[in-house]
Amino acid sequence: MASDSSTKKVKVCVVGAGVAGLAAARELRREGHDVAVLEQAGGVGGQWLYEEDTAIDGTDPLGVAGVHSSVYASLRLITPRETMGFSDFPFRPTGDGDARRFPCHAEFLRSRRGEVETEEVFDAVVVAVGNYSQPRLPSIDGMDTWRRRQLHSHSYRVPDSFDGEGVVVVGCNVSGKDIALELCRIAMEVHISARSTEEAMATPAMSKMLARHGNLHLRPLIARLCEDGTAVFADGSRVVADAVVYCTGYNYSYPFLGTGGKVTVDDNRVGPLYEHVFPPELAPSLSFLGIPAMVVVPRFYEAKARWVAQVLSGRRELSPAGEMLRAAEEYVRGREAAGVEKRRTHDVFDLGEEFCECSCGFPRLEEWTKELIWSSINAMLDDVEAFRDDFHGTELVADGLRRHGWIQLAPAPQPPHLEDIDVDDDNEEGLQPVQTNQTVASPLGLINSA
Ligand SMILES: Cc1cc2nc3c(=O)[nH]c(=O)nc-3n(C[C@H](O)[C@H](O)[C@H](O)COP(=O)(O)OP(=O)(O)OC[C@H]3O[C@@H](n4cnc5c(N)ncnc54)[C@H](O)[C@@H]3O)c2cc1C
């Protein structure tokens, strides 16, 4: 690491003013660089800049042209607000918004607003254009000639127009489940079509959904769409549907970027990229932020942005291009050896602790935050419909929340009184005090400390 006196200041262009772009701009400025942010939309916030009009009944039902945000009206975060702040700018309730732990999407946007600038000539470019705007569509026999409604979740906003309809939702990841659950309250029938019904049932979430909603059915892949409106599934079952909603994910796309083949996108594998950020041949003047999925946002972006800023100033050194290339190739080989599909190359499933600390001195997460993250994910896998409102953290989480001012200090738990001791007749281990649930009232919901 170089000393401060030897660091240099460069002119950097950040493309995109979503969470990743804003994190980049801030870290670059903090490091003393000149920064311009280019944003195509009318404001900052990226995905969280909700766009009501998606022309689903008009010219672009599959959402392949134009609109950036894929956020639908009812969307609530799946990640707890306590983990969604920048390192020195926590995402706290403000009193006049949505104070819940898993708030509505507009609450997140309110907390991220800033300013936008433009410039022309740059020493470096940071690409932070997001990965959830170019719909990824399946190829289904009959899809081109099917006359009824088809749309991608990118274009879905509200359920009203599906009233009384038969709907097939293709894909059962988070958006597929969320949208199917919203639709089954208004549609006549909803059929959620999964690549593998066994995998879809692997966690309790799906069976709980099916048990609660009699008009929700799990189906395998669609084999064919017929002109009369019939959807035929891979197991031979068929339904007549009014609409198909494709919740089938997104493609990475950089149409504005000319790298002469030094960076390519192949089935959602962007590469070669060292640590998902630097193309070895073009580093450090070109970098990408926000490519990895399944990471803690914005923390992960913030740390990578700090790293880029410090590399550009000379405070940190990159390995030689050949070494970075070998590391990037090794990462890809590792994923392939583990049987990960190419399109999932950038699904990281890692808190990135070690990298963040070693690459730019980014502080590690406290244990309670890690537990909050993992327990939120587990709660979602257990009950995707209820987890946002019925989340119970452990004592470690409750203690962390208290110490960091997310909830008010609660009195220390008292030993149970004799009358609180319950006797379970079936308890073969003998008389045991039942653990009392010390429930702490908080503005973010109920934190169960037991
Ligand atoms: C439905 C949905 C729900 C989600 N829920 C959660 C959640 O609960 N928790 C969570 O952590 N994450 C969630 N995410 C993921 C979320 O998108 C990321 O957390 C994060 O907001 C991505 O930030 P980003 O800056 O990388 O991209 P974006 O937010 O997409 O921002 C990219 C920006 O770049 C701009 N841009 C694009 N191309 C250009 C160009 N050529 N020139 C100039 N500007 C350009 C865009 O207009 C946009 O403003 C969700 C995503 C979706 C789609």
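Conventions we followed
- Residues numbered from 1 in each chain as written.
- Predicted model: local features only at pLDDT ≥ 70, side-chain atom pairs only at ≥ 80, totals over all residues.
- Heavy atoms only, no water.
- Helix = DSSP H or I, 4+ residues; strand = E, 2+ residues; numbered from the N terminus.
- Buried < 20%, exposed > 50% of the residue type's maximum accessible area, 1.4 Å probe, protein only.
- Contact = heavy atoms within 4.5 Å.
- Phe/Tyr/Trp six-rings, centres within 6.5 Å; stacked < 30°, edge-to-face > 60°.
- Disulfide = S-S within 2.5 Å.
- Axes fitted to C-alpha atoms, helices over the stretch in contact; angles between N-to-C directions.
- Parallel < 35°, antiparallel > 145°, perpendicular 65-115°, else oblique.
- Left-handed = near helix turned anticlockwise from the far one by under 90°.
- Nonpolar A, V, L, I, M, F, W, Y, C, P; charged D, E, K, R; others polar.
- Near = heavy atom within 4 Å.
- Polar contact = N/O pair within 3.5 Å; in protein donor to acceptor, adjacent residues only side chain to side chain.
- Areas by Shrake-Rupley, 256 points an atom, 1.4 Å probe, with all protein chains shown as cover.
- Core = buried A, V, L, I, M, F, W, Y, C linked by side-chain atoms within 4.5 Å.
- Expected span 1.5 Å × (residues − 1).
- Arc of directions from axis to C-beta.
- Pairing = 2+ DSSP bridges.

> Would you mind going over the overall build of the chain in detail, with residue names and values included?
If you tally the helices and strands in the chain, you get ten helices and 16 strands. Here the chain holds 450 residues, and the buried ones make up 49% of them. A fraction of 67% describes how many contacts in the chain between residues 6 or more apart in sequence connect residues 24 or more apart.

> Let's hear about the packing of aromatic side chains: which residues, and what values?
Overall, the coordinates contain eleven aromatic pairs when judged by the stated rule. Measuring from centroid to centroid gives 5.9 Å for F102 and F391, while their planes differ by 70°, and the two rings are edge-to-face. Of this pair, F102 sits in the loop between β2 (34–38) and α2 (105–112) while F391 sits in the loop between α9 (367–382) and α10 (395–403), placing them 289 residues apart in sequence. Relative to F355, the ring of W307 lies with its centre 5.0 Å away and its plane at 90°, an arrangement referred to as edge-to-face. Here W307, found in helix α6 (residues 299–313), pairs with F355, found in helix α8 (residues 353–360); they are 48 residues apart in sequence, far enough to count as distant.

> For unusual backbone geometry, give the residues involved together with the corresponding values.
Of the consecutive residues G271 and P272, the connecting peptide bond is found in the cis state with omega at 0°. Relative to the elements of secondary structure, P272 occurs in the loop between β13 (269–271) and β14 (286–288). A positive phi is found at E275, a non-glycine position, where the angle reads about 55°. Its location among the elements puts E275 in the loop between β13 and β14.

> Now, about the state of the cysteines: what can you tell me, with residues and values included?
Counted according to the given criterion, the structure contains zero disulfides. Free of any disulfide, C358 has its nearest neighbouring cysteine sulfur in C356, separated by 9.5 Å. Residue C358 is classed as exposed on the basis of its relative accessible area, which comes to 54%.

> Residue-level account of the packing of helix α1 (residues 19–30) against α6, with values.
The interhelical angle for the contact between α1 and α6, taken along N-to-C directions, is 40°, at an axis separation of 8 Å. What the angle tells us is that α1 and α6 run oblique. Crossing angle aside, the handedness with which α1 passes α6 is right-handed. Two secondary-structure elements touch here, α1 through V19, A20, A23, A24, R26, E27, L28 and R30 and α6 through Y301, E302, A305, R306, A309 and L312. Of the residues that constitute the contact of α1 with α6, the class distribution is nine nonpolar, no polar and five charged.

> Got a sec to walk through the side chain of H213? Specific residues and values, please.
Along the chain, H213 falls in the loop between α5 (204–212) and β7 (216–219). Residue contacts for H213: discarding those within four places in its chain leaves L181, C184, R185 and E385.

> Give me the site of the ligand: which residues, what numbers.
The ligand sits among 26 residues. The nearest are E39, W48, H68, I78 and T79. For the ligand, an oxygen atom lies 2.8 Å from a polar atom in the side chain of W48. Protein chains bury 90% of the 990 Å² of accessible surface belonging to the ligand in isolation. Grouping the amino acids of the shell around the ligand by side-chain chemistry returns 16 nonpolar, nine polar and one charged.

> I'd like to hear about the nonpolar core, residue by residue, with values.
Among the nonpolar cores identified, the biggest contains 83 residues, and L28, V169 and L183 are the most heavily contacted of them. In terms of residues, this core owes the most to one element, α6, which gives nine residues. If near-sequence neighbours (up to four positions away) are discounted, L183 is found in contact with Y156, P159, F162, V167, V169, V190 and V245. Residues V168, V239, V244 and Y246 belong to the second largest nonpolar core, which totals 13 residues.

> I'd like a rundown of helix α7 (residues 321–337), residues and numbers included.
Between the first and last C-alpha of α7 there are 24 Å, a value that for 17 residues agrees with the 24 Å anticipated at 1.5 Å per step. Those residues of α7 not exposed but buried are M324, A328, V332 and R335. Angular distribution of buried residues about the axis of α7 spans 75°; they occupy a single face of the element. When the buried face of α7 is taken as reference, the exposed residues oriented beyond 90 degrees from it are R326, E330 and A337. Buried residues in α7 make contact with β13. One or two positions beyond α7, positive phi appears at G339, with a value near 80°.

> Quick one: what's the story with the sheet that holds strand β8 (residues 222–225), residue by residue and with numbers?
Here we have three strands laid out as an open sheet, ordered β8-β9-β10, and antiparallel in their pairing. Sheet topology places β8 and β10 (238–240) at the edges, where each strand pairs with a single neighbour. Averaged over all adjacent pairs, the angle separating strand axes in this sheet is 20°, with direction ignored. Bridge count for β8 against strand β9 (residues 230–233) is three bridges, and the pairing is antiparallel. From the neighbouring strand, R224 faces β9, where its bridge partner is V232.

> So what about the packing of α6 against α8? Which residues, and what values?
Helix-helix packing: each pair is described by the crossing angle between the helix axes and the interaxial distance. Remark: α6 packs on α8, axes separated minimally by 9 Å, with the N-to-C direction vectors making an angle of 25°. In terms of axis orientation, α6 runs roughly parallel to α8. Classified by chirality, the crossing of α8 by α6 is left-handed. For the pair α6 and α8, the contacting residues are R299, A303, K304, R306, W307 and Q310 in the first and E353, F355, C356, S359 and C360 in the second.

> Explain the sheet that holds strand β11 (residues 243–246) residue by residue, including any values.
One open sheet holds the five strands; their spatial order is β4-β11-β5-β6-β7, and the pairing between them is parallel. Of all strands in the sheet, those with a lone pairing partner are β4 (149–152) and β7, marking the two edges. On average, each strand axis in the sheet is inclined to that of its neighbour by 20°, with strand direction left out of account. Here β4 runs beside β11; their pairing, made up of four bridges, is parallel. Residue pairing in the sheet places H152 in a bridge with Y246 of β11. Across the sheet, helix α3 (residues 174–183) touches β5 (166–170), β6 (189–193), β7 and β11, and the angle it forms with β6 is around 170°. Set on the sheet, α5 makes contact with β6 and β7; between it and β7 the angle comes to about 135°.

By themselves these figures say nothing about function.
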